[in-house]
Every structure is written in structure tokens, then in C-alpha cells.
Amino acid sequence: MTTRLFGEPVQRREDPRLITGRGRYLDDLGAGALAAAFVRSPHAHARILDVDVSDALDVDGLVAIYTWEDLPGALAEPLPLLIPHPALTHGRTAYPLAREIVRHVGEPVVMVVARDRYLAEDACALIRVGYEVLKPVVGLEEAAGGAHLVHDDVPGNIGAHLVQEVPGPGGETAREAVDAAPHRLEFRLDVERSACTPLEGKGVYARWDADDASLRVYSSTQTSTSVRMAIAAKLGLPLPKVEVVAPDVGGGFGVKIVHPWPEEILVPWAARLLNRELKWTEDRREHFVSSSHERGQVQHVRVGFDDDGRLLGLEVEILHDHGAYTPYGIIVPIITSTQLLGPYKVGAYRVEFSSVYTNTVQVTPYRGAGRPQGVFCMERTMDKIAAYLGRDRTEVRAANFVQPDEFPYDQGLTFQDGRPLIYDSGDYPEALRMLKELIGWDSFPEEKARAAAEGRRIGIGVGCYVEGTGVGPYEGGHVQITSDGRVHVSTGLTSQGQGHETVFAQIAATELGVPIERVSVVTGDTRRFGYAVGTFASRAAVMSGNAIALACRKVREKALRIAAEALEADPRDLEITDGMVHVAGAPSASIPLATVAVLSNPLRYAFDEEAKRATQFAGPASDDRPPVAEGEEPGLEGRDYYSPVRSTFAAGMHAAIVETDPDTAEIRILRYAVVHDCGRLINPMIVEGQIHGGVAQGVGGALYEKMVYDEHGQLLNASFMDFLMPYATEIPRIETAHLETPSPLNPLGIKGAGEAGVIPVSAVLAAAIEDAEGIPIDRMPISPSDLHTLRRSR
Amino acid sequence: MRVNLTVNGRATAADDVWEGESLLYVLRERLGLPGAKNACEQGECGSCTVYLDGTPVCACLVAAGQAEGREVVTVEGLSRGDAPLPGAGPAHGDVSGEGLHEVQRAFLDAGAVQCGFCTPGLVVQAHALLAEADGVPSDADIREALAGNLCRCTGYEKILDAVRLAATRLGPPP
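Rules and cut-offs
Residues numbered from 1 in each chain as written. Chains lettered and ligands numbered in written order. Predicted model: local features only at pLDDT ≥ 70, side-chain atom pairs only at ≥ 80, totals over all residues. UniProt positions renumbered as here; feature names shortened; annotations may be inferred. Helix = DSSP H or I, 4+ residues; strand = E, 2+ residues; numbered from the N terminus. Domains from an automatic or database assignment. Contact = placed C-beta atoms within 7 Å. Nonpolar A, V, L, I, M, F, W, Y, C, P; charged D, E, K, R; others polar. pLDDT = per-residue confidence, 0-100. Pairing = 2+ DSSP bridges. Buried ≥ 20, exposed ≤ 12 C-beta atoms within 10 Å, placed from the backbone. Arc of directions from axis to C-beta. Core = buried A, V, L, I, M, F, W, Y, C linked by C-beta atoms within 7 Å. Axes fitted to C-alpha atoms, helices over the stretch in contact; angles between N-to-C directions. Parallel < 35°, antiparallel > 145°, perpendicular 65-115°, else oblique. Left-handed = near helix turned anticlockwise from the far one by under 90°.

### Notes on the UniProt feature "domain: Aldehyde oxidase/xanthine dehydrogenase a/b hammerhead" (unreviewed entry) in chain A
- In this numbering, the UniProt entry assigns the feature "domain: Aldehyde oxidase/xanthine dehydrogenase a/b hammerhead" (unreviewed entry) to residues 20-135 of chain A.
- Summarising residues 20-135 of chain A: 9% helix, 29% strand, and an end-to-end C-alpha distance of 51 Å.

### What to know about the environment of Ala-665 of chain A
- Of note, Ala-665 of chain A is situated in the loop between β26 (648-660) and β27 (667-677).
- It is 27 Å that separates the C-alpha atoms of Ala-665 of chain A and Gly-374 of chain A, two residues lying 291 residues apart in sequence.

### Focus on the domain arrangement of chain A
All names here are of chain A.
- Examined at the domain level, chain A breaks down into domain 1 (41-134), domain 2 (163-195 + 293-471 + 645-793) and domain 3 (472-642).
- Look at where the C-alpha atoms of domain 2 and domain 3 centre, and you get two points 43 Å apart.
- Tallying the contact residues gives 21 residues for domain 2 and 19 residues for domain 3.
- Grouping the constituent residues of the side of domain 2 that touches domain 3 by class yields nine nonpolar, eight polar and four charged.

### Comments concerning the confidence of the model for chain B
Residues and elements named next belong to chain B.
- Predicted confidence across chain B gives a mean pLDDT of 89, with 88% of residues reaching 70 or more.
- Considering only residues more than four positions removed or in separate chains, one finds that residues 82-97, a stretch of pLDDT under 50, has 39 contacts.
- Reported confidence for the predicted complex is 0.95 by ipTM and 0.95 by pTM.

### Regarding the pairing of strand β16 (residues 409-414) of chain A
Residues and elements named next belong to chain A.
- Note: β16 against strand β17 (residues 420-423), three bridges, orientation antiparallel. Looking at the pairing, Asp-410 lines up with Ile-422 of β17.
- Connecting β16 to the antiparallel partner β17 that follows it, the hairpin turn spans five residues, and Gly-418 within it adopts a positive phi of roughly 80 degrees.

### Section: helix α10 (residues 393-400) of chain A
Residue and element names in this part refer to chain A.
- Those residues of α10 that sit buried are Arg-393, Thr-394, Val-396, Arg-397 and Asn-400. Take α10 and look down its axis: the buried residues cluster within an arc of 160 degrees, on one side only.
- Taken together, the buried residues of α10 touch β14 (311-321), α9 (371-389), α11 (428-439) and β18 (457-469).

### Thoughts on the nonpolar core
- Core analysis: the biggest nonpolar cluster contains 308 residues, and Ala-36, Val-110, Val-112 and Ala-508 of chain A together with Ala-59 of chain B have the highest contact counts within it.
- When residues of this core are assigned to their parent elements, the largest contribution, 15 residues, is made by helix α14 (residues 540-567) of chain A.
- Excluding anything up to four places from it in sequence, Ala-36 of chain A contacts Met-111, Val-112, Val-113, Ala-120, Val-267, Ala-270, Leu-278 and Trp-280 of chain A.

### Re helix α12 (residues 444-453) of chain A
- Burial runs low along α12 of chain A: only zero of the 10 residues are buried.
- Of the residues trailing α12 of chain A, Gly-455 of chain A is marked for its positive phi of about 80 degrees.

### A word on the interface of chain B and chain A
- Contacts between the two partners involve 42 residues from chain B and, on the opposite side, 42 residues from chain A.
- For the side of chain B that touches chain A, the secondary-structure elements that each account for two or more residues are α2 (75-78), α4 (102-110), α5 (119-132), α6 (139-145) and α7 (157-170) of chain B.
- Considering each element in turn, the side of chain B that touches chain A owes the most residues, four residues, to α4 of chain B.
- Looking at side-chain class alone, the side of chain B that touches chain A contains 20 nonpolar, 13 polar and nine charged residues.

### Describing the domain arrangement of chain B
All names here are of chain B.
- We note that the domain assignment places domain 1 (3-77) and domain 2 (79-170) within chain B.
- Taken together, the contact pairs 20 residues of domain 1 with 18 residues of domain 2.
- Going through the elements one at a time, β3 (49-52), β5 (71-73) and α2 are the ones with two or more residues in the side of domain 1 that touches domain 2.
- Looking at the side of domain 1 that touches domain 2 element by element, the count peaks at three residues for β3.
- A class-by-class count of the residues in the side of domain 1 that touches domain 2 yields nine nonpolar, eight polar and three charged.

### Remarks on the packing of α4 of chain B against α5 of chain B
Residues and elements named next belong to chain B.
- At a closest axis distance of 9 Å, the pairing of α4 and α5 adopts a crossing angle of 125 degrees. Classed by the angle they form, the pair α4 and α5 counts as oblique. For the pair α4 and α5, the sense of crossing is right-handed. Contacts between α4 and α5 involve Val-103, Gln-104 and Phe-107 from the former and Thr-119, Val-123, Ala-126, His-127 and Leu-130 from the latter.

Structural data, given as C-alpha cells:
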């Protein structure tokens with residue numbers, strides 16, 4: 001059957017426009033619109049004394065200058081705290097433009113509107129802001145010391161404090177379990193900051209239609225529906241008068257799920273006020289200093305285990321760097337705390353985190369969203385246990401795995417969606433077996449010995465993770481078959497490069513039995529679909545994929561009902577193939593879906609030949625029932641939603657072989673292997689691409705990327721010249737194998753895949769470097785100079 | 001000032017250009033060619049790569065005035081049959097069915113695109129590599145040739161696949 005496309009490596013339908021320069025990203029829109037630029041704080045912590053704009057007023061082409069004092073109503077209030085949590089006792093968010101105090105370098109203070117961006121920036125340069133510099137709070141432990149405060153009313157700089165505890169099988173606490181265990185280890189781990197750093201920064205373009213009193217906003221966002229609601233609320237506009245469209249988006253990785261960004265409400269506000277089209281495109285330095293970072297944590301671990309390396313108790317204390325504000329709540333440390341458990345049964349568990357304010361860029365989810373830190377913690381723990389007991393590292397892991405017959409497996413914690421952390425399915429022993437075979441784990445000791453004989457240092461490492469994907473609350477899908485036989489699919493969540501137009505078309509084509517060429521997909525456009533949550537947490541395929549499948553099934557059922565009447569057949573005997581509804585086994589008794597679509601919509605007026613067939617005098621009709629039967633709707637379309645009872649848990653295991661240079665301490669990845677289980681694959685080519693990209697970001701985080709703040713809170717490496725993202729020269733070939741354990745939770749049996757690749761990479765590379773060098777690696781990232789320092793201090 | 005240049009085979013002029021303006025700004029804002037992307041404005045990411053007299057350059061680092069009287073080819077120009085490609089042999093100027101150049105077709109076939117923001121620059125850079133290459137370049141040569149182009153989505157592997165695929169299909173230059 002030609003329409004069976006689910007599971008096939010179908011070419012991406014968005015690519016023809018993207019490879020020819022015809023994609024339309026935010027900054028490609030709005031030719032001729034006015035441009036906004038921002039004066040941002042040069043200080044990490046300061047009081048604003050005055051703003052002198054007099055020199056800027058002479059700039060030719062200047063249109064407007066705004067400070068906080070100019071903002072009306074709700075716009076003058078702090079930005080929303082998007083995800084409140086009872087433990088977030090001191091949540092704080094910024095004002096769209098700073099009010100009195102700035103709390104990190106890059107915080108917006110003044111907004112300038114001019115004829116073009118060059119002129120707007122010229123005007124910015126002429127605006128003088130007077131500051132009284134306050135003591136900056138930089139560094140996680142310094143901040144937790146509480147000697148100086150980021151927010152005057154947040155004692156000790158502690159925004160949130162949360163403890164989660166699961167007793168052991170005998171009811172013992174983690175402390176008791178660790179104390180009573182035959183073996184104990186205690187250690188500290190450090191993970192540095194990194195950032196999403198999509199190639200396209202943020203951007204907003206707004207058009208106010210004064211005649212219609214309506215607003216259309218384009219934003220490079222991961223959630224257009226929620227941006228829309230935020231704009232309507234902040235600007236006091238009726239929701240139906242606001243449209244938000246996410247055009248082609250040049251990567252997100254989490255930073256664009258935060259909303260509304262100050263610019264996302266300021267630009268529409270000014271566009272309306274000025275009655276002019278207005279656009280702001282973030283530049284690279286702005287993205288570094290005024291969007292979001294992630295990852296920074298210090299972890300203190302106590303673990304107790306038996307002679308086989310089986311965990312009996314685990315206690316983890318986490319200091320989590322939250323930067324200056326907490327707009328996204330405490331999702332990141334909650335995920336670290338819960339997903340730290342990975343594929344293991346840990347006995348008694350206690351995790352405690354403190355979310356700490358610093359005078360640095362705010363922290364919100366970056367691909368992996370707290371999991372890389374949690375997996376670093378757990379996998380370093382496994383390696384330390386193996387080293388302590390002198391056992392193979394994979395053996396210790398296997399001894400702790402949740403077994404295939406133990407699903408659903410309840411870890412006893414509350415996950416990031418507020419629901420129980422219950423793993424739905426998986427096969428961890430099989431994944432490990434596949435990985436060991438793929439990388440050649442068992443024969444590596446000989447390889448290592450051969451290398452050593454040549455004076456080379458090589459090492460191998462392994463890391464496992466479980467990832468809760470497809471978090472709720474819901475997504476929806478709308479499917480319409482029009483009288484030309486085309487299938488129009490829409491869903492509210494957005495796309496940032498994941499190939500949604502392709503995978504959703506594959507699902508629709510498969511469900512409906514139509515050629516994929518007839519299917520078009522629109523995402524992230526509130527004109528097409530108004531109810532949605534957004535694209536994050538590896539949820540798009542699970543959530544919208546299932547919603548679209550369910551919507552297709554409604555449409556299919558209706559199509560079969562109408563076709564059955566036309567063909568005088570039983571709907572149960574009908575199939576759809578290549579867009580034709582036909583009696584199973586009798587292809588001649590058939591009717592095109594296009595015709596079914598015509599018949600589904602009783603017409604008074606004909607506008608083409610096809611439409612004539614549905615007009616009132618076209619054919620025999622039953623006189624005793626209305627043209628649209630009770631309970632029916634005109635048209636061949638359907639809308640449905642998917643709302644899961646809880647997340648579905650994907651998993652994977654990575655292994656790497658690295659070589660370290662005995663002289664220069666250069667670290668080179670010789671091989672990188674991935675076994676990945678995201679349930680049923682919709683498009684293996686796209687899933688592979690997601691894994692490769694995730695691993696590359698993981699390699700960046702493990703070996704190259706960190707945010708270097710000085711003691712004044714200045715970010716010293718806020719450019720692509722100084723923040724070292726990997727190029728093609730740094731990323732090895734990635735060997736992948738797929739394992740498919742379908743999720744029992746959703747109709748398509750799928751699990752999320754977007755974030756997976758990045759999650760265990762730091763843990764895996766730390767393990768491999770440790771194996772090569774024989775030096776404990778407890779801190780990431782690790783550069784050649786870090787390794788050199790470690791060697792000297794040994 | 002007025003800047004006269006040839007873009008994608010067509011003689012054109014941009015008016016009211018400020019001396020400090022970049023070629024990238026002229027292409028995107030004045031000539032309506034947004035294919036080349038602005039991602040760092042300091043020549044580190046390669047998203048704005050275009051041909052200038054047959055040599056791939058970062059358009060963000062070229063002052064508008066430097067383009068006076070010169071020939072520019074952007075990603076938009078690679079997929080049109082009427083765009084002569086400086087520095088490329090006839091085989092490399094060929095556009096296969098549906099108007100795509102072999103390099104673009106290979107990006108499509110190999111799944112080398114995700115968000116697509118870096119793609120125009122990588123397509124031009126890969127095109128330049130293959131215009132010079134004798135057969136399928138080595139892995140090291142491909143990586144080196146693309147070492148000025150950042151991609152945050154793909155991990156590069158499928159881009160390397162695309163370059164090899166295009167090289168195989170194009171064969172050695174005549």
C-alpha cells in the first residue's frame with residue numbers, strides 16, 4: 001500500500017524551501033518595518049539613577065524612546081511567573097524594562113524605535129543611563145552564603161527549597177540506608193553553565209490593524225498560543241483580536257519556550273501605540289546576555305551499596321543556580337531530582353535542592369532540562385561504585401536496572417508534570433547488551449592495552465538515562481479534507497527544526513490512506529489552531545502526533561459513513577487507498593475522498609463542477625431528514641485532542657571511546673555509540689538527526705562550552721568567537737541503534753525523542769576520560785587545560 | 001551611496017547605502033534576498049556565506065562598498081538554471097530536476113536539514129568545496145572545508161553525508 005508511511009524515512013517536506021533560501025524566519029519578514037533596539041544594563045547589579053535621552057533625540061530617523069515609566073497597566077507589572085510551585089516561596093521575575101534595579105548584565109532598560117536597526121542602535125549609544133553600582137552576587141556557593149542579596153526581599157538568595165524522599169523496601173530512610181550499608185561513598189560534583197544558543201536568536205514582528213483593531217504578531221517562539229494569551233492579557237486586548245504566528249524558526253532548544261519575553265509584549269505594544277509595523281531581531285550578544293542559560297549545579301552525593309554494587313540508599317543535595325529570575329519556576333531542578341534515578345532502582349532515596357539567585361542571566365530549560373546534570377550525578381555514582389568494588393562498570397549498572405517485567409514501575413516521586421513518576425515501558429538489559437556489542441565493550445581492554453603499548457591513552461565510558469517525554473496537559477489536531485481532495489492538518493504547537501510538517505503528514509497520510517503529497521501541515525499559527533501548550537519536553541510527536549491521529553480517525557469514520565451511503569455498502573466493508581474509498585476486495589466500487597468531501601457539505605450555491613454535486617437539486621435526497629443530519633456537521637473535518645494521564649518514558653544508553661594526548665591533554669572522541677528507545681519510530685531519519693544533534697550539543701557541554709563570568713558579573717565570552725560551540729571538526733561520527741518498546745499509554749505507541757541525545761554525554765565522556773587517565777573526573781566541562789591541571793595536581 | 005553589483009547573474013544596484021553597511025544587509029534589506037542569514041555578525045558561524053567573485057565569503061564581514069562592480073551569488077542563485085556560477089565547472093552549474101542544484105538535492109536526500117537557519121551558508125560552502133574537489137573529498141577535507149559553518153541542530157553527520165552524496169552524483173569536474 002502506497003500510503004503506509006508511518007515508520008519510513010520520508011524526505012522532509014519543509015526542506016525544499018529551506019535549502020533554496022526560501023524559508024521565512026522572523027527577520028526575513030516585515031521589510032520596511034520600523035526597528036527596535038534596546039539599551040541594556042552594563043552592570044550585573046545596580047540602581048538606575050537617571051536616563052538622559054537628550055543626545056539621542058537628534059538622531060535622524062528616531063521614532064520613539066521608552067523606559068519603564070512609559071509602560072501602562074499590566075505592562076508595567078513584573079513578567080509572569082509561568083509555573084508556580086509551592087516550594088518556590090520566593091519566585092521573582094523581571095519587569096519588561098528595568099524598574100529601579102538591574103540584576104544582570106543585559107537586562108533591558110530602554111527601548112528605542114527608529115527607521116532602521118542601524119539608526120536605532122545609534123540612538124541607543126547616545127542614551128546615558130546613570131547607575132549606582134551595587135555588590136554583584138556571582139558564583140553559586142557565594143550566593144548560597146547569602147552575604148549579599150540579589151533581591152532585597154529574598155533572604156539567603158534562596159528562591160526555592162524542595163525535598164523529595166522515597167523510603168527503602170523496609171521503610172528505612174535514605175540516611176538510615178546509607179549509614180547501614182556495607183559500603184559508602186561521599187563526593188561532590190560540579191556542572192557548569194551552558195546555553196541553548198540556537199543559530200537564530202529571538203525576534204518579534206508586530207502589525208497593528210487600526211481599522212480592525214486587531215494585532216498580528218510573528219514571534220520566533222516555541223509556543224505561539226501562549227504568547228498570544230500573554231499579549232492579550234498584557235495589552236488588554238480581546239483574545240480574538242490577537243493572532244500569533246511562529247514562522248520558520250531557526251532552532252529553539254528550550255530558550256524560546258520562555259514567554260512572554262520582554263520584547264514579545266513591548267514590540268506589539270509599541271506597534272499599536274505608533275500604529276506602525278515594528279520588528280526587533282535579537283543580535284548574538286543580546287542572546288548571550290539577555291535570554292537564558294542552564295546547567296549550573298553543585299551536587300553533594302552520599303551513596304550506600306552492597307558487595308554487588310546494588311544501591312541501598314542515595315542522598316543527593318543540589319545547589320541549583322537560577323540566575324537573577326525564575327520565570328519558568330523550578331522545573332529544571334525538579335527534573336534533575338527525579339530523572340537522576342535513570343533506569344535504576346536505588347533503594348531509599350532523598351533529594352534536596354536549593355534554587356539560588358545570582359546576578360547572572362536567568363536559568364530556564366535547555367534541551368535535556370536538568371537531566372544531563374542528574375544523569376551526570378547518577379552515572380558518576382555508578383562508576384565510583386564500580387571502581388570501589390573493582391567491578392565492570394556495566395555489571396554494576398545491570399545489577400540495579402528496573403527489569404522488563406517490572407513495568408509499570410513507580411519510582412515513588414512527583415515528576416515535572418505534577419504526576420507520579422511511573423515508567424511505562426522499556427527494556428534496559430537489552431539496550432545495554434546492544435550497546436556493549438555496538439561499541440565492543442568486552443574487547444576494549446585488549447584495545448586499550450595495545451594502545452598503551454604504543455604510548456597512547458584511550459578510555460571507554462558508558463552512560464544510561466531515562467527521559468520522561470510527552471508531558472501534558474494536552475495538544476490538539478485539526479484535519480480537513482477539502483473538495484479538491486487535499487488534506488489540511490493543523491496543530492497548535494510550533495516547530496523549530498524537528499520536521500513536524502513531515503512526521504505529522506506521515507501520520508495523517510497513514511491514518512487516512514492518502515498520498516502524502518496531498519497532505520499539508522501547519523503548526524504554531526493561532527489562526528489555524530488556538531488551543532495548544534507548546535513544543536518542549538520531547539512532547540510534540542507524542543502529543544500532537546496522537547491528537548492528529550485521533551482527529552484523522554474521526555474524519556475517516558465520517559468519510560466511510562458518507563461513502564457507504566453513496567456506494568450503498570456497509571461502512572465496515574470499506575477501505576481507503578490512495579485517496580479512494582472502496583469496498584475491500586472490490587476496487588471498482590469506489591469513490592474519491594474529494595467527492596466524499598463534496599457530499600459532506602450540502603450546498604445551495606455551486607461554484608465549480610464538483611460543487612454542483614452537493615447542491616440541493618443535484619440528486620435524490622431523503623425528504624424526511626434535514627440535509628445536515630442531527631448530530632452531524634457539514635464538511636469533512638475533525639478535531640481531537642490527546643491528553644495523557646502522565647508522561648511516557650523513553651530511554652537510552654551511550655558509550656564513547658576517547659583518546660587523551662599525553663603531552664597536550666587534548667581530548668579526542670574516537671568513537672561514539674548510541675542505543676536509543678523512543679518507542680515506535682515515525683521517521684527513523686528524523687529521529688537519527690535528533691540524536692546526532694543532541695549528542696553534538698552534549699559534546700559541546702562536556703568539552704567546550706561554559707559561561708565565563710568574572711567577579712563583577714560580566715559574561716566574558718558572549719560571542720561565537722569566545723563561546724566554543726562545536727564545528728564539524730569536533731563532532732565524531734555517531735553510531736546508532738534503535739530499540740523499540742512501544743508506549744502503552746498512547747494510541748501510536750510513541751515516546752519523545754527530541755532531547756534524548758544530549759542527556760548522558762557529559763557523564764559518558766567524563767567516564768571515558770577517567771578511564772583513559774585514571775584521574776577522577778567530577779566536574780564538567782573539561783578542557784585540555786583543565787585536564788592538564790588535574791594531571792599536575794595528582 | 002549607490003552600489004552596483006551583479007547578483008545571481010543579474011546586474012543590479014542598491015541605493016542609499018551607508019558606507020558602513022554590510023553586504024549582508026544590502027542583500028537582505030535592500031535587494032530582497034533573505035536567503036543568507038545573520039546569526040553572529042562576526043564571521044564565526046558562516047550562515048551568511050555567499051560567493052563574491054567566485055570565492056565564498058561571510059557577507060556580514062564584507063562592507064557594501066567592497067562589493068561595487070563585483071559578482072555575488074547567493075543560495076537563491078544556486079537553484080536557478082540561469083545563474084552562472086563563478087568558479088564552478090559546467091557540471092557544477094547544472095541544476096537537476098525541480099530546479100535544485102545537486103548539492104541542494106543531496107541535502108534533501110540525506111536529511112541534512114533541521115531548523116535550516118545555517119543551511120543556506122552550508123549549501124554555498126559545500127558547493128564551493130565540490131566545485132574544487134576531484135571526486136569525493138576525504139572525511140577530513142569535508143570537515144575542514146565546513147569548519148567555518150556552525151550548525152546547532154544536526155551534529156553535522158548528515159551534512160557530511162550530503163556532501164559525499166553530492167560529490168558522488170556530480171562526479172569529477174570535467
